[in-house]
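Chains, contacts and geometry: an overview
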Amino acid sequence: MASPILRIENVSKRYGKKDVLKGASLTVHKGDLKILIGPSGAGKSTLLQCINFLVKPDEGRIWLEDQEVHYAHKRNLYAYRQKVGMIFQDFNLFDHLNALENVRIGMVKVKGMAKAEAGERAVMELERVGLKDHMQKYPAQLSGGQKQRVSIARALAMDPKVMLLDEPTSALDPELIGEVHAVIRDLGNNGMTMIMATHQIGFASSLASEIIFMEDGQILERGTPEKIFFQAENARTKEFCSKITELYGETR
Amino acid sequence: MEEWLYIQTEVYPALLKGFWVSLQLIVPSAFCGLVIGIMVGVLRVYGSRAVMAVADTYVALFRGIPLVVQLFIWYFGLPYIKIYLSPFVAAVLGFSLCSGAYHSEYVRGALLSIKRGQMLAAQSLGFNKVRMIFSIILPQAIRRALPGCGNEIIYLIKYSSLAYMITCIELTGQGKILASNSFKYTEIFLIIGACYLVMTSVASVILGHLEDRLLLPGFEHHRI
């Protein structure tokens, strides 16, 4: 088997006396789509934010393509983050920039690309997420689904090796979830490596290469969607999956 | 008729001269004050602990000591350590530093109001701290600080009248000289008051236009 694209070993995080993440490990190969599920407070977000060091883990090591990431070394960290795209629950588009500028600014300010070249690429990425006609609009003029698609385009423009998606559709109206799912599905089909936290298990099970169930800062169980949703070994996994299936519909 | 002649031949030329001096004091002081305020505001939010302490001390001093005293120190105090400033330079220096301290507080408040998500997004794209502050945070924060900073600029226009205390004869200084010669205090200071009112009104119109120009589409609904 080829060497993993991303390897996370024993990542832990404490806030005061509370252990939010207790030694999570994860191996991700190219093209994988790992789905993190679990109740709120399970540590899914913290794990994702630890992976690109938006939250500094107290312990643990991370390798991208066999290169260990030394986050204390600033240049190493900034270079690594460019290769790891992050999608947030509440989009976090830059409010003072229109859609095109949002997608372009990373390429110009971080990668040092010329504005014109970066602009062309930005238009291409916006076209890919179906927003070419909206590129002059500011975040406040876009719907939630459109904002999330812009944020995906913004991440893609940096040519990431891995994408981290932190409940990308949790803040959206049910009607708008579909358009974002379509974009993510498209990414998966094109071979993008992704780790996504979500409660949309119907969507997750149709796409995931592995489902990871987390609770209380730990990974309790992992396996194929079939295994986790229909033959879970852990009682808590079973209980959670049956509840969430009731809420969000069938897994298939 | 005699009054009119007095105004035409003495008051008008003197006040016009003073008016120009006032403008020459206000414009650079407003500009330098704003630049100082932005820098200090940024340092007070994002600086290291030591830098923050220095910046906080600066603000405490320049916001806490009466401006007249500051001007006296620049003009009458610095010569003790062999630094001689002209009245004009001492005034601009005093105004800029005092104004900067106030601006920094508006800028600091605006910086703190920017949601953390904006920073997370910038960091996740690989922005370093300086680029994040200048490309992402400040452009948004300045828009929020503008009403407060405009307030400070209006205030600066009025406290520029203190320059005459260190013999930089601007509008108020000219008025004082005219009035003590003619004893027409009421008339002359009414005219001077009107001059300041014109300056502050023009400034607030300019600031209003600036706010409109920087208004982000989609945020208009904040104005009812």
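Attention here is on the structure that accompanies the text.

Analysis parameters
Residues numbered from 1 in each chain as written. Chains lettered and ligands numbered in written order. Predicted model: local features only at pLDDT ≥ 70, side-chain atom pairs only at ≥ 80, totals over all residues. Heavy atoms only, no water. Core = buried A, V, L, I, M, F, W, Y, C linked by side-chain atoms within 4.5 Å. Buried < 20%, exposed > 50% of the residue type's maximum accessible area, 1.4 Å probe, protein only. Helix = DSSP H or I, 4+ residues; strand = E, 2+ residues; numbered from the N terminus. Contact = heavy atoms within 4.5 Å. Pairing = 2+ DSSP bridges. Buried area = accessible area lost by both parts, 1.4 Å probe. Salt bridge = Lys/Arg side-chain N within 4 Å of Asp/Glu carboxyl O. Nonpolar A, V, L, I, M, F, W, Y, C, P; charged D, E, K, R; others polar. Axes fitted to C-alpha atoms, helices over the stretch in contact; angles between N-to-C directions. Parallel < 35°, antiparallel > 145°, perpendicular 65-115°, else oblique. Left-handed = near helix turned anticlockwise from the far one by under 90°.

**Here we look at the nonpolar core**
Ranked by size, the top nonpolar core spans 106 residues in total, and within it Leu6, Ile37, Leu126, Ile152 and Met163 of chain A carry the most contacts. No other element matches the 8 residues that helix α6 (residues 129-159) of chain B contributes to this core. Apart from the residues lying within four places of it in its own chain, the contact partners of Leu126 of chain A are Ala99, Leu100, Val103, Leu131, Lys132, Met135, Val150 and Ala153 of chain A. Membership of the second largest hydrophobic core comes to 42 residues, among which are Ile26, Val40, Tyr58 and Leu178 of chain B.

**A look at the sheet that holds strand β5 (residues 67-68) of chain A**
Residues and elements named next belong to chain A. Strand order across the open sheet formed by 4 strands is β2-β1-β4-β5, with antiparallel pairing between neighbours. In the strand order of this sheet, the two ends are held by β2 (18-28) and β5, each with one partner. By the bridge criterion, 7 bridges tie strand β1 (residues 6-15) to β2 in an arrangement that is antiparallel. Bridge pairing in β2 links Tyr15 to Lys18.

**Overview of the interface of chain A and chain B**
Each side of the interface is counted separately: chain A has 23 residues, and chain B has 23 residues. Across the chain A/chain B interface, buried area totals approximately 2100 Å², and carbon plus sulfur atoms make up 65% of it. Broken down residue by residue, the surface that chain A buries against chain B is led by Phe94, Asp95 and His96 of chain A, which jointly contribute 29%. On the surface where chain A and chain B come into contact, there are 0 salt bridges. Secondary structure elements with two or more residues in the side of chain A that touches chain B: α2 (74-83), β6 (84-87) and α3 (99-109) of chain A. Residues of the side of chain A that touches chain B, tallied by class, amount to 12 nonpolar, 7 polar and 4 charged.

**Comments concerning the pairing of strand β3 (residues 33-37) of chain A**
All names here are of chain A. The buried count for β3 comes to 5 of 5 residues, which makes it a mostly enclosed element. Because side chains alternate across β3, one face comprises the buried residues Leu33, Ile35 and Ile37, and the other comprises Lys34 and Leu36, equally buried. Pairing analysis gives 4 bridges linking β3 to strand β8 (residues 193-197), with the strands arranged parallel. The residue of β8 that forms the bridge with Lys34 is Ile195.

**Some words on the packing of helix α4 (residues 87-113) of chain B against α6 of chain B**
All names here are of chain B. Interhelical geometry of α4 versus α6 gives an angle of 150° and a closest axis separation of 8 Å. Taken as axis vectors, α4 and α6 run roughly antiparallel relative to one another. Judged by the twist between their axes, the crossing of α4 over α6 is right-handed. Together, Phe95, Cys98, Ser99, Tyr102, His103, Tyr106, Val107, Ala110, Leu111 and Ser113 of α4 and Ile137, Leu138, Ala141, Arg144, Ala145, Gly148, Cys149, Asn151, Glu152, Ile153, Leu156 and Tyr159 of α6 make up the contact between the two elements. Here the residues of the contact of α4 with α6 are counted per class, giving 15 nonpolar, 5 polar and 2 charged.

**Thoughts on the packing of α3 of chain A against helix α5 (residues 144-156) of chain A**
What describes two packed helices is the angle between their axes and the distance between those same axes. All names here are of chain A. One can describe the packing of α3 onto α5 by two numbers: an axis separation of 8 Å at closest approach and a directional angle of 25°. Judged by the angle between their axes, α3 and α5 are roughly parallel. Crossing angle aside, the handedness with which α3 passes α5 is right-handed. Between α3 and α5, the residues in contact are Ala99, Asn102 and Val103 and Val150, Ala153 and Arg154, respectively. Here the residues of the contact of α3 with α5 are counted per class, giving 4 nonpolar, 1 polar and 1 charged.

**Some words on the sheet that holds strand β9 (residues 210-215) of chain A**
In any sheet, the strands associate via hydrogen bonds between backbone groups, in a parallel or an antiparallel arrangement. Residue and element names in this part refer to chain A. A sheet is described by the order of its strands in space; here 6 strands give the open sequence β6-β7-β8-β3-β9-β10, paired in mixed fashion. Each edge of the open sheet carries a strand with a single partner, namely β6 and β10 (218-223). Strand-to-strand twist in this sheet, taken as the mean axis angle between neighbours without regard to direction, amounts to 20°. Note that strand β7 (residues 162-166) and β8 share 5 bridges and pair parallel.

**Describing the pattern of salt bridges**
All names here are of chain A. Going through the model one piece at a time under the given rule, you end up with 22 salt bridges over all chains. Between Glu9 and Arg7 there is a salt bridge, with its nearest N and O atoms 3.1 Å apart. Across the pair Arg121 and Glu125 runs a salt bridge whose closest N-O atoms are separated by 2.8 Å. Of the two residues, Arg121 and Glu125 are both situated in helix α4 (residues 115-128); the distance of 4 residues between them amounts to about one turn of the helix. Classification of Arg121 by relative accessible area gives buried; the value is 18%. Since its relative accessible area comes to 0%, Glu125 is described here as buried. Linked by salt bridges that have partners in common, Lys111, Arg121, Glu125, Arg128 and Asp159 make up one network.

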